[in-house]
Amino acid sequence: MQRAVRTARAAAAIVIASVMALTGGIGAGVAAAQDGPTVVSFGQTLKRCDFSDIKNVGGTGYGRPTAQVRTQGGDVVADVQIATALPNTRYEVRLIQAPRSSAASCNPGDPGVAGAALFTDAVGAGALTLRGPIMSGATGAWVFITRPSPYSQVPEEFYATDFIAKL
């Protein structure tokens, strides 16, 4: 029994070390820039355009999005993937640059916001690449994925990156 516990603890330590190596030891806040892309994780948190949380709104989806945020030339680029989402469904994806005023909107086409539709396939998987020019004063970027509701202003499903990736 003790051997099984030690083996499980060793396996957990290896997984944690691997995740830390993959993400560069990322925690909350702004992730440090690296030579390559920053791998960002997502949570089911409804966010305002300034990256602050909207409280008391729970997530309802089962999607597993991931993204890699990087700069290329004078652009910020996000390679976004989602798995286990609703099959054959349209999701709206936005790449939002920060810092951003709480009074500023973050609709696709607004300064510092790139947006596109992501369509999932028959098993709920999809991918896309968003690209936009780096706006003056931007220090980071984050990704927001929503499935709009036909009956409410609150999206039926939403995912936001857990931190702002440093540019």
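Structure's up top.
Overview of the structure. (Residues numbered from 1 in each chain as written. Predicted model: local features only at pLDDT ≥ 70, side-chain atom pairs only at ≥ 80, totals over all residues. Heavy atoms only, no water.)

## Structural notes on the overall build of the protein
Alright, step 1. For the protein, the count of helices and strands is one helix and ten strands.
Alright, step 2. Element order for the protein, N to C, with α for helix and β for strand: α-β-β-β-β-β-β-β-β-β-β.
Alright, step 3. Counting across all 167 residues of the protein, residues that qualify as buried make up 37%.
Alright, step 4. A total accessible area of about 9300 Å² is found for the protein, and carbon and sulfur atoms account for 56% of it. (Helix = DSSP H or I, 4+ residues; strand = E, 2+ residues; numbered from the N terminus. Buried < 20%, exposed > 50% of the residue type's maximum accessible area, 1.4 Å probe, protein only. Areas by Shrake-Rupley, 256 points an atom, 1.4 Å probe, with all protein chains shown as cover.)

## Overview of the pattern of salt bridges
Alright, step 1. Evaluated as defined, the whole model comprises seven salt bridges.
Alright, step 2. One salt bridge in this structure joins D53 and K47, with 2.6 Å as the shortest N-O distance.
Alright, step 3. Exposure remark for D53: the relative accessible area of 29% places this residue in the partly exposed category.
Alright, step 4. Of the residues examined, K47 reaches a relative accessible area of 13% and is grouped as buried.
Alright, step 5. Put simply, D79 and R70 hold a salt bridge, and the shortest N to O gap is 3.1 Å.
Alright, step 6. You can call R70 partly exposed: its relative accessible area is 25%.
Alright, step 7. One network of salt bridges, in which partners are shared, links K47, D53 and K55. (Salt bridge = Lys/Arg side-chain N within 4 Å of Asp/Glu carboxyl O.)

## Details of the side chain of R147
Alright, step 1. Checked against the element boundaries, R147 lands in strand β8 (residues 140-147).
Alright, step 2. Within polar-contact distance, the side chain of R147 engages the side chain of E157 at 2.8 Å.
Alright, step 3. Excluding residues that lie within four positions of it along the chain, R147 makes contacts with L86, T89, R90, Y91, P155, E156 and E157. (Polar contact = N/O pair within 3.5 Å; in protein donor to acceptor, adjacent residues only side chain to side chain. Contact = heavy atoms within 4.5 Å.)

## So, the packing of aromatic side chains
Alright, step 1. This structure, assessed with the given rule, holds two aromatic pairs.
Alright, step 2. Judged by centre distance (5.0 Å) and plane angle (70 degrees), the ring pair of F51 and W142 falls under edge-to-face. You can see F51 sitting in the loop between β2 (38-43) and β3 (64-72) and its partner W142 sitting in strand β8, a full 91 residues away along the chain. Both residues of the pair, F51 and W142, count as buried.
Alright, step 3. Taking 5.8 Å as the distance between ring centres and 50 degrees as the angle between the ring planes, the aromatic pair formed by W142 and F144 counts as tilted. No difference in accessibility class separates W142 from F144, as the two residues are buried. (Phe/Tyr/Trp six-rings, centres within 6.5 Å; stacked < 30°, edge-to-face > 60°.)

## What to know about the environment of V40
Alright, step 1. The residue V40 is located in strand β2 in this model.
Alright, step 2. Under the relative-accessibility criterion, V40 is labelled buried at 2%.
Alright, step 3. Along the primary structure V40 and I164 are separated by 124 residues, whereas in three dimensions their C-alpha atoms are 8.4 Å apart.
Alright, step 4. Discounting residues that sit within four places of it in the chain, V40 has contacts with T66, A67, V69, T161, F163 and A165.

## Some points on the nonpolar core
Alright, step 1. Membership of the largest hydrophobic core comes to 22 residues, with the highest contact counts inside it found for V69, V80, V93, L95, V143 and I145.
Alright, step 2. Listing elements by their share of this core, those giving two or more residues are β2, β3, β4 (75-83), β5 (90-98), β6 (113-119), β7 (126-133) and β8.
Alright, step 3. Setting aside chain neighbours within four positions, we find L95 in contact with V76, V77, A78, G112, V113, A114, L130, A141, W142 and V143. (Core = buried A, V, L, I, M, F, W, Y, C linked by side-chain atoms within 4.5 Å.)

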